[in-house]
Amino acid sequence: MRNAKAWVCGVIFGMALAGTAFWVGQPDTILAQGREELKDHWRHHDGHWSYWHAEDKRWYYTDGNHWFYSGADGWRPYAFDKHFGREGFERGEYKLPPAEAKIVLPRHEVWRPR
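Residues numbered from 1 in each chain as written. Predicted model: local features only at pLDDT ≥ 70, side-chain atom pairs only at ≥ 80, totals over all residues. Heavy atoms only, no water.

Enquirer: What is the right way to look at the pairing of strand β2 (residues 48–53) in this model?
Expert: Side-chain positions along a regular strand alternate between the two faces of the sheet. Where strand β1 (residues 41–45) and β2 come together, 5 bridges link them in antiparallel fashion. Directly across from arginine 43, in β2, lies its bridge partner serine 50. Here β1 folds back onto β2 in antiparallel fashion, the turn holding 2 residues, of which aspartate 46 has a positive phi close to 55 degrees. The sheet contact formed by β2 and strand β3 (residues 58–62) spans 3 bridges and is antiparallel. Bridge assignment links tryptophan 52 to a residue of β3, and that residue is tryptophan 59. Counting the residues between successive antiparallel strands, the hairpin from β2 to β3 contains 4 residues, one of them, lysine 57, with a positive phi of roughly 55 degrees. (Pairing = 2+ DSSP bridges. Helix = DSSP H or I, 4+ residues; strand = E, 2+ residues; numbered from the N terminus.)

Structure, rendered in structure tokens:
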């Protein structure tokens, strides 16, 4: 009976150890997949939908009136200066607001892989 208890405890300990190794190794696998698969896509994060454009390597957002891009210092009005919006996108009569216009910049964060 004593050997059976030791054997059962050993199996439980081994399973716990294997589970811990699985969870510790998992974030690296997810991160590696995330770097490979970051293609153009929409993502809902921090209560807002933002668009990742792989060629520009930055996030875009519209509040319905203006377009913004996420830079190192937060959101900035987008002047269609990069690749996003050049092909397959009709911007109609949209014009970048003048510098003196009072625009409320978004405050939400963008998703960044860890």
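There's more to say after this.
Enquirer: How should the packing of aromatic side chains be read in this particular structure?
Expert: Each aromatic ring pair is summarised here by two numbers: the centre-to-centre distance and the angle between the ring planes. This model, assessed by the stated rule, comprises 7 aromatic pairs. Among the aromatic residues, those joined into a cluster by ring pairs are Tyr60, Tyr69, Tyr78 and Phe80. Sitting above the plane of the tyrosine 69 ring, arginine 58 keeps its charged end 3.9 Å from the centroid. (Phe/Tyr/Trp six-rings, centres within 6.5 Å; stacked < 30°, edge-to-face > 60°. Lys NZ or Arg CZ within 6 Å of the ring centre and 35° of its normal.)

Enquirer: Would you take a moment to explain a nonpolar patch on the surface for this structure?
Expert: Residues Trp7, Val8, Val11, Ile12 and Met15 make up a contiguous nonpolar surface patch of roughly 540 Å² in combined accessible area. By secondary structure assignment, the location of valine 8 is in helix α1 (residues 2–36). Using a relative accessible area of 40% as the deciding quantity, one classes valine 8 as partly exposed. (Patch = residues over 30% accessible without salt bridge, like charges linked within 9 Å, V, L, I, M, F, W, Y side chains within 5 Å. Areas by Shrake-Rupley, 256 points an atom, 1.4 Å probe, with all protein chains shown as cover. Salt bridge = Lys/Arg side-chain N within 4 Å of Asp/Glu carboxyl O. Buried < 20%, exposed > 50% of the residue type's maximum accessible area, 1.4 Å probe, protein only.)

Enquirer: How should I be thinking about the sheet that holds strand β5 (residues 74–77) in this particular structure?
Expert: Hydrogen bonds between backbone atoms are what pair the strands of a sheet, whose relative direction is either parallel or antiparallel. Ordered by their spatial adjacency, 5 strands build an open sheet running β1-β2-β3-β4-β5, and the pairing between neighbours is antiparallel. Every other strand in the sheet has two partners, leaving β1 and β5 as the edge strands with one partner each. Strand-to-strand twist across the sheet, computed as the mean angle between neighbouring axes with direction ignored, equals 35 degrees. Looking at chain direction, β3 and strand β4 (residues 67–71) are connected through 3 bridges and run antiparallel. Along β4, the bridge assignment pairs tyrosine 60 with tyrosine 69. (Axes fitted to C-alpha atoms, helices over the stretch in contact; angles between N-to-C directions.)

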